[in-house]
Structures are given as structure tokens and as C-alpha cells.
Amino acid sequence: MAGIKALISLSFGGAIGLMFLMLGCALPVYNKYWPLFVLFFYILSPIPYCIARRVVDDTDAASNACKELAIFLTTGIVVSAFGLPIVFARATVIEWGACALVLTGNTIIFGTILGFFLVFGTNDDFSWQQW
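So, here is what we can say about the structure in this document. (Residues numbered from 1 in each chain as written. Predicted model: local features only at pLDDT ≥ 70, side-chain atom pairs only at ≥ 80, totals over all residues. Heavy atoms only, no water.)

## Details of the overall build of the protein chain
Okay, so step 1: Regarding its fold elements, the protein chain presents five helices and zero strands.
Okay, so step 2: Burial statistics for the protein chain: of 131 residues in total, 32% are counted as buried.
Okay, so step 3: Counted over contacts in the protein chain with a minimum sequence separation of 6, partners at least 24 positions apart contribute 63%.
Okay, so step 4: Surface accessibility of the protein chain: about 8,100 Å² in total, with carbon and sulfur atoms responsible for 72%. (Helix = DSSP H or I, 4+ residues; strand = E, 2+ residues; numbered from the N terminus. Buried < 20%, exposed > 50% of the residue type's maximum accessible area, 1.4 Å probe, protein only. Contact = heavy atoms within 4.5 Å. Areas by Shrake-Rupley, 256 points an atom, 1.4 Å probe, with all protein chains shown as cover.)

Okay, structure coming up:
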């Protein structure tokens, strides 16, 4: 039952984050849809870590270069997702209010992605790898 509650709370967090992103785009004050490009970063961010988990053998306790590279690439993707709306706002492509809404949505969405891997990332009976 704890897994179902975690799944529901993660889906609620994702919905709230996407709501902030859509508000930053679709409010009549802003009315520009350029911030939707951060959706690519939402899709790309878990991919390096998922690939590294499939490739790496977790029997050794030492750090692994493949896993470290995956964390580095994921960090670059996340920083790019936070930087893109700031660059858009600085270039006056979008308003600063829209930038603030998109950054709030980014924080919630990436927190939700992190929460997913913390809740379902262990190799027990309730793992996402069984899906």
C-alpha cells in the first residue's frame, strides 16, 4: 500500500509541475510557447542513469566510471533545463514572470523524477525494473 501512495503522490507532483509549465506558456499575459522546449530535458534527464544501471554491476562497493559519467550527463541536462528559460527571458523571448513559473515547474518536475528513483530504484519486490 505504501507503493501506491508513493505512486499517487509522484503523479500529483508531476501534474503540479506541468501545470506551472503550462501557466508560464498559456497565460494571456505571456502567451508564448517557447518554454515548452524544457519538455525535452524532462524526457532526457533519466536516460543516462537508466542506461548506467543496466550496464553497471553493483557488486563492487567502489565508484564506477560509467555511473559517474551518467550522473555527470544527468546534471548537465538538469542545469540546461534551468538555464534555457533564463536565456529566453534575458533575450526577451519570454517575460520574466513566465521564466519564474517555468523554473518553479522545473523544480517540482525534477524533484518528482528524483523521488521516483528514490522510491522505486531499489532492487526489492517493488522495483520499477519489473515494469
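Moving on from the coordinates now.
## Points about the nonpolar core
Okay, so step 1: Core analysis: the largest hydrophobic core is formed by nine residues, namely Leu21, Val38, Phe41, Tyr42, Ile77, Ala81, Val102, Ile109 and Phe110.
Okay, so step 2: Going through the elements one at a time, α2 (38-44), α4 (65-90) and α5 (96-120) are the ones with two or more residues in this core.
Okay, so step 3: The residues touching Phe41, leaving out its near neighbours within four places in the chain, are Ile77, Ser80, Ala81, Leu84 and Phe110.
Okay, so step 4: Within the second largest apolar cluster, five residues are counted, among which are Ala89, Ile94, Ala98 and Cys99. (Core = buried A, V, L, I, M, F, W, Y, C linked by side-chain atoms within 4.5 Å.)

## Examining the side chain of Thr74
Okay, so step 1: In this fold, Thr74 is placed in helix α4.
Okay, so step 2: By relative accessible area, which is 18% here, Thr74 ends up buried.
Okay, so step 3: Those residues in contact with Thr74 that sit more than four places away from it in its chain are Ser45, Pro48 and Tyr49.

## Digging into a nonpolar patch on the surface
Okay, so step 1: On the surface, a nonpolar cluster with roughly 810 Å² of combined accessible area is contributed by Trp34, Phe37, Phe40, Ile43, Leu44, Ile47, Ile51 and Val55.
Okay, so step 2: Of all the secondary-structure elements, those providing two or more residues to the nonpolar patch are α2 and α3 (47-55).
Okay, so step 3: Summarising the element assignment, Phe37 is placed in the loop between α1 (2-26) and α2. (Patch = residues over 30% accessible without salt bridge, like charges linked within 9 Å, V, L, I, M, F, W, Y side chains within 5 Å. Salt bridge = Lys/Arg side-chain N within 4 Å of Asp/Glu carboxyl O.)

## Description of the packing of α3 against α4
When two helices pack together, their arrangement is captured by the angle between the axes and the distance separating the axes.
Okay, so step 1: Between α3 and α4, the shortest axis-to-axis distance is 8 Å and the interhelical angle comes to 170 degrees. With respect to α4, the element α3 is oriented roughly antiparallel. Here Pro48, Tyr49, Ala52 and Val55 of α3 lie close against α4, whose contacting residues are Cys66, Lys67, Ala70, Leu73, Thr74 and Ile77.
Okay, so step 2: Counted by class, the contact of α3 with α4 contains eight nonpolar, one polar and one charged residues. (Axes fitted to C-alpha atoms, helices over the stretch in contact; angles between N-to-C directions. Parallel < 35°, antiparallel > 145°, perpendicular 65-115°, else oblique. Nonpolar A, V, L, I, M, F, W, Y, C, P; charged D, E, K, R; others polar.)

## So, the packing of aromatic side chains
Okay, so step 1: Tallying each qualifying case throughout the model produces eight aromatic pairs.
Okay, so step 2: Between the aromatic rings of Trp34 and Phe37, the centroid separation amounts to 5.7 Å while the plane-to-plane angle is 25 degrees, which identifies the pairing as stacked.
Okay, so step 3: On the basis of relative accessible area, Trp34 is assigned to the partly exposed category, the value being 44%.
Okay, so step 4: Ring centres 5.4 Å apart and planes at 80 degrees place the aromatic pair Tyr42 and Phe110 in the edge-to-face group. Here the residue Tyr42 occupies a position in helix α2, and Phe110 occupies one in helix α5, the gap between them amounting to 68 residues.
Okay, so step 5: For Tyr42, a relative accessible area of 9% corresponds to the buried category. (Phe/Tyr/Trp six-rings, centres within 6.5 Å; stacked < 30°, edge-to-face > 60°.)

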